[in-house]
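# Examination of the molecular architecture
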Amino acid sequence: MCEMMCELGQLTRCDGDACLMQGETCVTTAVYGPTEVRINKEILDKATVEVVYKSKVGLPGCAEKMFERIIRNTCETMILTTAHPRSGINIIIQEMQNSGSYLACCINSACLALLDAGVSLKFLVAAVTCLIDNEGEIILDPNSKQEKDGKALLTFVFDNKDFSIVTVNTKGSYSSQQFKDCTSLCKKSSKQVFEFYKKSMEKLLSKDNFVK
Amino acid sequence: MRETPLSNCEREFIRKALGERKRLDGRQAYDYRTLKIAFGYDRGCCRVDLGQTRVLAQVSCEITSPKQQRPSDGVLFVNVELSPMASPVFEVGRMSDQGVEINRILERCLKESRCVDTESLCIIAGEKVWQIRVDVHVMNHDGNLIDCSSIAAITALAHFRRPDVTVDGTDVIVHTIEEKDPLPLSVHHMPICVSFSFYEQGKFLLVDPSDKEEKVMDGKMVIGMNKHREICSLQVTGQMLLLKDQVLRCSNIAVVKVTEITEWIQKALENDRQARSNGERFGFREAVVMDTVTTNQMNPEKLK
């Protein structure tokens, strides 16, 4: 896995935000919520989760909508929506730099931003991407160049309750054995992501204003 | 979501403080907030912080057919996005009046001043030219979006490199970065917008108004200027009347501010150039201040 780095609470207008860097890939996420929701989107017994994805170049198209949907579904399983009926939780994701393992970085930064905003969650999620290259080797956290040459790209999202799969997104062809291998490898490394969340929040809520 | 209005007492407080030549954040009337420029991993990507206001700009290019009236000129396109990330007031998809205003001012400032040489963007006259697109994303709104966006846009344009092309008869070969070094745009000068807000019918003026100061102001003047003291655009909005010497005074202040900001941009560009050529690490991560509680870093162990 590549190096992870985060900045929390950099923006002033939103309730919580996180800028996550995984390798060269960088994503900023802002969260508003629980807040008022448009009357036609209101749900009587739970909160409405909305995700807006902003790519750096050009206008949003089909691919961006698809991306939004994947992240929205992941976030909705994680958020305790029944705690805030008839309200909205808005998540805005801004692309800063896409250098591979992009979906994983977006989901992880959304999770950190939700933590920073203090939204009630059922569990945390960690996303890990792996790539099966043409020799059948599994590469964790591939960069965009590796992604281009690879055979299949798999992104897994795990929860931290019993480490079960929340979301899977794959591209390309692979055998069922390879899928199992990828799952177990990603599950192992997802624990490091959870550790990173824990350390980041510990540091954020620590008493000393400046840690040496 | 609708904007939370500023309460009357807060409004009064700000006005009264201005009468005593004081600002909420302790700045002097002609002071700018701290300016920070960070560059991304990609060429033509930069993030500009002006105090708490934060803007991300990305320049991109593609080959299109030119406009019929100007067959040998490239196209410069500016797009400002007021993302809901910046403020809950901004909505997705719909261009608000404020968004249109910023877009138009930026477009006028960058296009009409001809700071980017569009003729050098021509590949085959009348058939193929480069279209340069500047996307400006507002990430946090704390006032003075125009200045911050204009700094981000011109910095990103100066940082951008476009792929080299070879014309072989009617065929155009676009070279990848590995084949041939990409070329910078020819940026002749750097127009930068400086905003002034006016209070009490132009009696008081402030440079670089914050969000709250913008809510209280009577009107605003934006001067686009380059470091050669050439005014590239000038716009006055709001319900107020200005005297001639007020406009002159503002343009004199703008001269000083533009010189400072241009120097700062050049310095930032030079730092990034050196980091790239010396093989040091570059990108947004280099701009992160690591010794605060809000940041964290981890090097995960290798898994087998």
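Residues numbered from 1 in each chain as written. Chains lettered and ligands numbered in written order. Predicted model: local features only at pLDDT ≥ 70, side-chain atom pairs only at ≥ 80, totals over all residues. Heavy atoms only, no water.

## Digging into the overall build of chain A
Secondary structure summary: chain A contains four helices and nine strands in total. Secondary structure of chain A in N-to-C order comes out as β-β-β-β-α-β-α-β-β-α-β-β-α. Here chain A has a C-alpha radius of gyration of 17 Å; the compact-globule value for 212 residues is 17 Å, and the two agree. The principal-axis extent of the C-alpha atoms belonging to chain A is close to 50 × 50 × 40 Å. Taken across its 212 residues, chain A has 56% of its residues classed as buried. Restricting to contacts in chain A with at least 6 residues of sequence separation, those with at least 24 account for 66%. With the model as given, the accessible surface of chain A reaches about 9300 Å², and the carbon-plus-sulfur share is 51%. (Helix = DSSP H or I, 4+ residues; strand = E, 2+ residues; numbered from the N terminus. Rg over C-alpha atoms; globule rule 2.2 N^0.38 Å. Buried < 20%, exposed > 50% of the residue type's maximum accessible area, 1.4 Å probe, protein only. Contact = heavy atoms within 4.5 Å. Areas by Shrake-Rupley, 256 points an atom, 1.4 Å probe, with all protein chains shown as cover.)

## Let's talk about the environment of G118 of chain A
Looking at where G118 of chain A falls in the secondary structure, it is placed in the loop between helix 2 (102-117) and strand 6 (125-132). Separated by 103 residues in sequence, G118 of chain A and D15 of chain A place their C-alpha atoms 8.3 Å apart.

## Points about the UniProt feature "domain: Exoribonuclease phosphorolytic" (unreviewed entry) in chain A
Following the UniProt record, the feature "domain: Exoribonuclease phosphorolytic" (unreviewed entry) maps to residues 4-119 and 125-184 of chain A here. Strand forms 34% of residues 4-119 of chain A and helix 28%; the C-alpha atoms that close the span are 23 Å apart. (UniProt positions renumbered as here; feature names shortened; annotations may be inferred.)

## Remarks on the packing of aromatic side chains
All names here are of chain A. Enumeration over the complete set of coordinates arrives at nine aromatic pairs over all chains. With centroids separated by 6.3 Å and ring planes inclined at 70°, the aromatic side chains of Y53 and Y102 adopt a geometry described as edge-to-face. Residue Y53 is found in strand 4 (residues 48-54), and its partner Y102 is found in helix 2; the two are separated by 49 residues along the sequence. The pair formed by Y53 and Y102 is uniform in burial state, with each residue classed as buried. Their ring planes at 65° and their centres at 5.8 Å tell us that F163 and F194 sit as a pair that is edge-to-face. Separated by 31 residues along the polypeptide, F163 in the loop between strand 8 (152-159) and strand 9 (165-172) and F194 in helix 4 (residues 176-204) bring together distant segments of the chain. Its relative accessible area of 24% is what places F163 among the partly exposed residues. Take F194: its relative accessible area is 9%, and that puts it in the buried class. A network of ring pairs unites the aromatic residues F156, F158, Y174 and F179 as a single cluster. (Phe/Tyr/Trp six-rings, centres within 6.5 Å; stacked < 30°, edge-to-face > 60°.)

## So, the interface of chain A and chain B
The partner chain B presents 45 residues to the 50 residues of chain A that form the contact. Between chain A and chain B the total buried area reaches about 4500 Å² when both faces are included, carbon and sulfur atoms providing 55% of it. For chain A, the biggest contributors to the area lost against chain B are E3, R13 and K56 of chain A; these three give 16% of the whole. For the interface between chain A and chain B, the tally reads seven salt bridges. A salt bridge links K56 of chain A to D42 of chain B, with the shortest nitrogen-to-oxygen separation between them at 3.6 Å. Counting across the interface, chain A meets chain B through 22 residue pairs in polar contact (both at pLDDT 80 or more). Broken down by secondary-structure element, the contributors of at least two residues to the side of chain A that touches chain B are strand 1 (4-8), strand 3 (25-35), strand 4, strand 5 (88-97) and helix 4 of chain A. Of the residues that constitute the side of chain A that touches chain B, the class distribution is 22 nonpolar, 16 polar and twelve charged. Across four bridges, strand 1 of chain A lies against strand 15 (residues 295-298) of chain B in antiparallel orientation. Within strand 15 of chain B, the residue paired with E7 of chain A across the bridge is T295 of chain B. (Buried area = accessible area lost by both parts, 1.4 Å probe. Salt bridge = Lys/Arg side-chain N within 4 Å of Asp/Glu carboxyl O. Polar contact = N/O pair within 3.5 Å; in protein donor to acceptor, adjacent residues only side chain to side chain. Nonpolar A, V, L, I, M, F, W, Y, C, P; charged D, E, K, R; others polar. Pairing = 2+ DSSP bridges.)

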